[in-house]
Amino acid sequence: MTATAPRNPLHVMGETDFARYFGATMANLASTTVLPAAQKIVATDAGGYCQVFYCDPNAPNDYAPCFGFRLGKGTAVQFGEWFSHAIDKGWRLNKWPEHCSAWESRDLRWEVKHWAGGFRFGPFIVTFSGLAEHFDEMLILLTAVAVGLTTKERARELAAISNNTHYLELAATLESEGRFPFAA
């Protein structure tokens, strides 16, 4: 009998469940009093776009969108911009396979901005655009821990790349209260 590698949670749960977890995390951020800045940024009228990519570990630079979804409220123009930014973040993480955070290729010097708000989790890249950069990251990391894409420890390491004190503070507080992860 040969052992098989454990399947990644995204292989098992799929788009609908992942979107539900992502939305629940955003709703929890909007209602938390632990981090008032998160409550203000992730208000009930907030929105954004999440994109998940699969990168074939046996074929460098071969990646494909798995699924994407709108979250919250926004105009057609806003969702179009958020979609473009989410795609760009994934493209950059794929282009530089040594990067695990979109922060590492962030560049705001030019007319076309390259924002942070995406992470590599094994063969998957998860990006989000719609909130302030550190809150995009916070939403991804909280969801990734909740669904088992990454560990709490690795999420802290990823947050440290951009010095995301919002995530680090919220995660530490929620963990000390026994409420982390807190997605649905």
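The text that follows walks through the structure, step by step, so that each part is easy to find. (Residues numbered from 1 in each chain as written. Predicted model: local features only at pLDDT ≥ 70, side-chain atom pairs only at ≥ 80, totals over all residues. Heavy atoms only, no water.)

### As for the overall build of the protein chain
A tally of helices and strands in the protein chain yields six helices and four strands. The order of α-helices and β-strands along the protein chain, N terminus first, is α-α-β-β-α-β-β-α-α-α. Of all 184 residues assigned to the protein chain, the portion counted as buried reaches 46%. Considering only contacts in the protein chain between residues 6 or more positions apart, those separated by 24 or more positions represent 61%. When the accessible surface of the protein chain is split by element, carbon and sulfur atoms take 55% of a total near 9100 Å². (Helix = DSSP H or I, 4+ residues; strand = E, 2+ residues; numbered from the N terminus. Buried < 20%, exposed > 50% of the residue type's maximum accessible area, 1.4 Å probe, protein only. Contact = heavy atoms within 4.5 Å. Areas by Shrake-Rupley, 256 points an atom, 1.4 Å probe, with all protein chains shown as cover.)

### A few points about the packing of aromatic side chains
All told, the structure shown has seven aromatic pairs when counted by the stated rule. A ring pair is formed by Y49 and F83, whose centres lie 5.1 Å apart and whose planes are at 80°; its orientation type is edge-to-face. One end of the pair, Y49, is in strand β1 (residues 47-55); the other, F83, is in helix α3 (residues 76-95), with 34 residues separating them in the sequence. Centre to centre, the rings of Y54 and F124 are 5.6 Å apart; their planes meet at 65°, and the pair counts as edge-to-face. Here F124 lies in strand β4 (residues 124-129) and Y54 lies in strand β1, a separation of 70 residues in the sequence. The ring of F79 is capped by R70, whose NZ or CZ atom sits 3.9 Å from the centre of that ring. Here the basic side chain of R106 rests over the ring of W103, its NZ or CZ set 4.4 Å away from the ring centre. (Phe/Tyr/Trp six-rings, centres within 6.5 Å; stacked < 30°, edge-to-face > 60°. Lys NZ or Arg CZ within 6 Å of the ring centre and 35° of its normal.)

### Some details on the sheet that holds strand β3 (residues 118-121)
Taken in spatial order, the four strands make up an open sheet running β2-β1-β4-β3, and their pairing is antiparallel. Of all the strands in the sheet, the pair left with one neighbour each is β2 (63-72) and β3. On average, adjacent strands in this sheet sit at an angle of 15° to one another, irrespective of strand direction. Here β1 pairs with β2 via nine bridges, running antiparallel. Residue V52 lies in a different strand from β2, and its bridge partner there is F67. Running at roughly 25° to β3, helix α4 (residues 133-147) makes contact with β2, β3 and β4 of the sheet. (Pairing = 2+ DSSP bridges. Axes fitted to C-alpha atoms, helices over the stretch in contact; angles between N-to-C directions.)

### A closer look at the environment of T75
You can see T75 is positioned in the loop between β2 and α3. For T75, a relative accessible area of 42% corresponds to the partly exposed category. Expressed as a C-alpha distance, the spacing of T75 and G47, which sit 28 residues apart in the sequence, is 9.2 Å.

### Quick notes on the nonpolar core
By size, the foremost hydrophobic cluster in this structure holds 37 residues, and its most contacted members are F18, F22, F121, V126 and Y167. Contributions of two or more residues to this core are made by α1 (9-31), β1, β2, β3, β4, α4, α5 (152-161) and α6 (165-176). Per-element accounting of this core gives the leading share, nine residues, to α4. If you look at the next biggest cluster of nonpolar residues, it comprises five residues, including F53, C55, L93 and I125. (Core = buried A, V, L, I, M, F, W, Y, C linked by side-chain atoms within 4.5 Å.)

### Quick word on α4
Counting along an α-helix, one turn takes 3.6 residues, and residues three or four places apart therefore face a common direction. Look at α4: 21 Å from first C-alpha to last across 15 residues, which is about the 21 Å you get at 1.5 Å a residue. Counting buried residues along α4, 13 of its 15 residues qualify, which places the element largely inside the surrounding structure. Downstream of α4 by a residue or two, G148 has a phi angle that is positive, lying close to 85°. (Expected span 1.5 Å × (residues − 1).)

### Considerations on the environment of C50
Checked against the element boundaries, C50 lands in strand β1. Residue classification places C50 among the buried positions, given a relative accessible area of 0%. C-alpha separation for the pair C50 and H85, spaced 35 residues apart in sequence, amounts to 9.8 Å. Look past the residues within four positions of C50 in its chain and what remains in contact with it is F18, F22, F67, G68, F69, V126, T127 and F128.

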